[in-house]
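In case you want the letters, here they are:
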Amino acid sequence: MSCIDKIDKNKVPRHVAIIMDGNGRWAAKRGNIRTYGHQQGVESVRSVISAAARINVQYLTLYAFSTENWNRPKYEVDALMTLMVNVIKSEEAELNNNNVRLVVIGEISSLPKRVQKEVNRIVENLSNNTGLTVVMALSYSSHWEIINAVKTIASDVKKEKIGVEDISRELFDSYLSTAKIPDPELMIRTSGEARLSNFLLWQLAYTELFFSPTLWPDFREEDFYQAICDYQNRERRFGMTSEQIQKPNLK
Ligand code: FPP
């Protein structure tokens, strides 16, 4: 029986974030170069987008390239950039047919011009779609994002647009690249690594974490549904007691 049959339609997370990890190891196991793993990882991207749309997840954030990934060998960075452009070109029609919207977070200006051009074009072309929103994290890191937010807040205080006393959690949220996007209820990392790698550190404060041993190029719809089922069996307490969650009227 597929895990999809066990999913409670009323408890589907609105936002799922994924650290797609293990492409290099997947390729090495097959005696191939790392970029082969990235190419094969594209099929997993297709698969999770389709799975997320099928169960009505509203936001799916994919960590495609981190600020730290710029330190990888040049041939790998170049191959990843070319892959991005090719994937955008080949998948645009399908994403559009499926009513998918695309949002990009990260330091877009640091990407090569040809990537920026394609990214901006596809984001614009899909901007009126109303189904699943895919949030692509490109040249993204939480340290970059948080420092950016702090600088803009400081500048707005200096210009007297806001006062220091206005700074709240909600205001801080609104200065992040994920402003208007709800925090993820579930974060999946593949390949058995159990760390956050500078990904959505502010937004994941109360997110349920799911670490899958599967390497990203092997990750498919069924693995995604398993993570959703696991999430649905957890009790989210947000600092309260189990009794309070089960009997909300308890004083
Ligand atoms: C991490 O695996 C993966 C990446 C840094 C790149 C992710 C890219 C893709 C899945 C392909 C293209 C995606 C899009 C959205 C176009 P790793 O290389 O760190 O693997 P390792 O830990 O085994 O070395």
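For the structure given in this document, a descriptive report is provided here. (Residues numbered from 1 in each chain as written. Predicted model: local features only at pLDDT ≥ 70, side-chain atom pairs only at ≥ 80, totals over all residues. Heavy atoms only, no water.)

**Brief notes about the layout of surface pockets**
By volume, the largest pocket amounts to about 1000 Å³. Where the lining of the largest pocket is concerned, the elements lending two or more residues are helix 1 (23-29), helix 2 (34-54), strand 2 (59-66), helix 3 (74-97), strand 3 (101-105), helix 4 (113-125) and strand 4 (133-140). It is helix 2 that provides the largest number of residues to the lining of the largest pocket, a total of 9 residues. When the residues that make up the lining of the largest pocket are grouped by side-chain class, the tally is 23 nonpolar, 10 polar and 11 charged. By volume, the second largest pocket amounts to about 240 Å³. Contributing to the lining of the second largest pocket are 14 residues, with Arg 169, Asp 183, Gln 203, Ala 205 and Tyr 206 lying nearest its centre. When its residues are assigned to classes, the lining of the second largest pocket shows 6 nonpolar, 2 polar and 6 charged. (1 Å grid on protein atoms, 1.4 Å probe; cavity = no way out; pocket = protein on both sides within 12 Å on 5 of 7 lines; lining within 4 Å. Points joined across faces, edges and corners; volume = space filled by probe spheres on them. Helix = DSSP H or I, 4+ residues; strand = E, 2+ residues; numbered from the N terminus. Nonpolar A, V, L, I, M, F, W, Y, C, P; charged D, E, K, R; others polar.)

**Regarding unusual backbone geometry**
The backbone of Lys 180 sits at a positive phi, close to 75 degrees, despite the residue not being glycine. Mapped onto the secondary structure, Lys 180 falls in the loop between helix 6 (169-174) and strand 5 (186-189). The phi angle at Phe 238 is positive, at roughly 45 degrees, despite the residue not being glycine. With respect to the secondary-structure elements, Phe 238 resides in the loop between helix 7 (221-232) and helix 8 (242-246).

**With respect to the nonpolar core**
Ranked by internal contacts, the top residues of the largest apolar core, which has 48 residues, are Val 16, Ile 18, Ile 55, Leu 60, Leu 62, Ile 188 and Phe 224. Listing elements by their share of this core, those giving two or more residues are strand 1 (15-19), helix 2, strand 2, helix 3, helix 4, strand 4, strand 5 and helix 7. Looking at this core, the element that brings in the most residues is helix 3, giving 7 residues. Among all residues touching Phe 224, those that are not within four sequence positions of it are Val 16, Ile 18, Val 48, Ala 51, Ala 52, Ile 55, Val 57, Leu 60, Ile 188 and Phe 219. In terms of nonpolar packing, the next biggest core, distinct from the first, is built from 15 residues, Ala 17, Ile 19, Ala 137 and Trp 144 among them. (Core = buried A, V, L, I, M, F, W, Y, C linked by side-chain atoms within 4.5 Å. Buried < 20%, exposed > 50% of the residue type's maximum accessible area, 1.4 Å probe, protein only. Contact = heavy atoms within 4.5 Å.)

**Focus: the site of the ligand**
Around the ligand there are 17 residues in total, and Asp 21, Gly 24, Arg 25, Arg 34 and Arg 72 lie nearest to it. Between an oxygen atom of the ligand and a main-chain N or O atom of Gly 22, the distance comes to 3.3 Å. The side chain of Arg 34 places a nitrogen or oxygen atom 2.8 Å from an oxygen atom of the ligand. More than half of the atoms of the ligand fall within 2 Å of the grid points belonging to the largest pocket. Elements with a minimum of two residues in the shell around the ligand: helix 1, helix 2 and helix 3. With 4 residues, helix 3 is the single largest residue contributor to the shell around the ligand. The residue makeup of the shell around the ligand, split by class, is 8 nonpolar, 5 polar and 4 charged. (Near = heavy atom within 4 Å. Polar contact = N/O pair within 3.5 Å; in protein donor to acceptor, adjacent residues only side chain to side chain. Sits in = over half its atoms within 2 Å of the grid points.)

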